[in-house]
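Coordinates in review
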Amino acid sequence: MAFDQLERPQIALRLDAELRHAHPVTVLESAVETFGDKLALVSSFGAESAVLLHMVSRIKPDMPIMFLDTGMLFGQTLDYRRNLAAKLGLTDVRDLRPLYTDLATVDPKANLWQTDTDACCNIRKVIPLDSALKDFDAWITGRKRFHGGDRLSLPVVEQADGQVKFNPLANWGKTELDAYMAQHDLPAHPLVAQGFPSIGCWPCTKPVEEGEDVRAGRWAGSEKTECGIHVARAPDAVTNVGGDI
């Protein structure tokens, strides 16, 4: 079922009230029931991604899975994405890559991350994802409150940029995630054992010390805490920085 942009904020409010204490599987089932083929999951195939991907594989294995292949991911992440998708029987994993024209215009030497991490994330993550999600009314994220920062007040269902966003794992902590992984014998991302509890692009991800926040290794030493895909867009945001070259 498709909903117009005027309906979606009310749907988000209603579903958040109904699902704010629900089990993640219940949240996913409600999302699929409400939006059907107009629903996608965005997954990094990172440290905790197997939990949500496994749940989706049990409910709707042909759900579109959006994977942002930035061109700067760890090789272990690419291997994990391929192996986990096959193991779980996910049949529609879509690799989203930055436009060649954008890279040629803004980051021709692939060193933008050294001078402007926001701009780097914008062309490698934000623009490709925004383009891919235009065909959907709602999407699912793997964000959780225990990751801290702006996520501390994360709702289970929200409205953002004209779409409904589901955060089924918002209420879960590391204990629940670890228990689910063990119960279903899910393989861990290879870098978790090397001290990476949150994994992004290799230039901007470091292992963390014991006792540090889960996301302390992301953009370490800067005030940046989000790549930008969960930040509200300006109405006139540019969606193709490379133009027509």
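In this fold, threonine 205 is placed in the segment after α7 (174–183). Accessibility expressed as a relative area gives 6% for threonine 205, which makes it buried. A distance of 3.1 Å separates the side chain of threonine 205 from the backbone nitrogen of glycine 200, its partner in a polar contact. One polar contact links the side chain of threonine 205 to the main-chain carbonyl oxygen of cysteine 201, over a distance of 2.8 Å. Threonine 205 has contacts with Phe74, Phe196, Ser198, Ile199, Gly200, Gly217 and Arg218, leaving out every residue within four places of it along the chain.

Turning next to the side chain of threonine 70. Topologically, threonine 70 is positioned in the loop between β2 (65–68) and α4 (75–88). Under the relative-accessibility criterion, threonine 70 is labelled buried at 1%. At 3.1 Å, the side chain of threonine 70 forms a polar contact with the backbone nitrogen of methionine 72. With near-sequence residues (within four places) excluded, threonine 70 lies in contact with Pro98, Arg124, Lys125 and Cys201.

Cut-off values and rules
Counting restarts for each chain, with residues numbered from 1 along the sequence as it is written. Where local features are concerned, this predicted model is filtered to residues with pLDDT of at least 70; where side-chain atom pairs are given and counted, the filter is 80 or more; whole-chain, interface and lining totals use all residues. Derived side-chain values reflect all non-hydrogen atoms in the structure, with water molecules and hydrogen atoms excluded from consideration. Starting at the N terminus, helices and strands are each numbered in turn, a helix being any DSSP run of H or I of at least four residues and a strand any DSSP run of E of at least two. Think of it in three bands: residues with accessible area under 20% of the maximum for their type are buried, residues over 50% are exposed, and the middle band is partly exposed, with areas taken using a 1.4 Å probe on protein chains only. Throughout this description, a polar contact denotes any pair of N or O atoms lying within 3.5 Å of each other; where both atoms belong to protein, one of them has to be capable of donating a hydrogen while the other can accept it, and for residues adjacent in sequence the pair is counted only when both atoms sit in side chains. Pairs of residues are marked as contacts when any of their non-hydrogen atoms sit within 4.5 Å.

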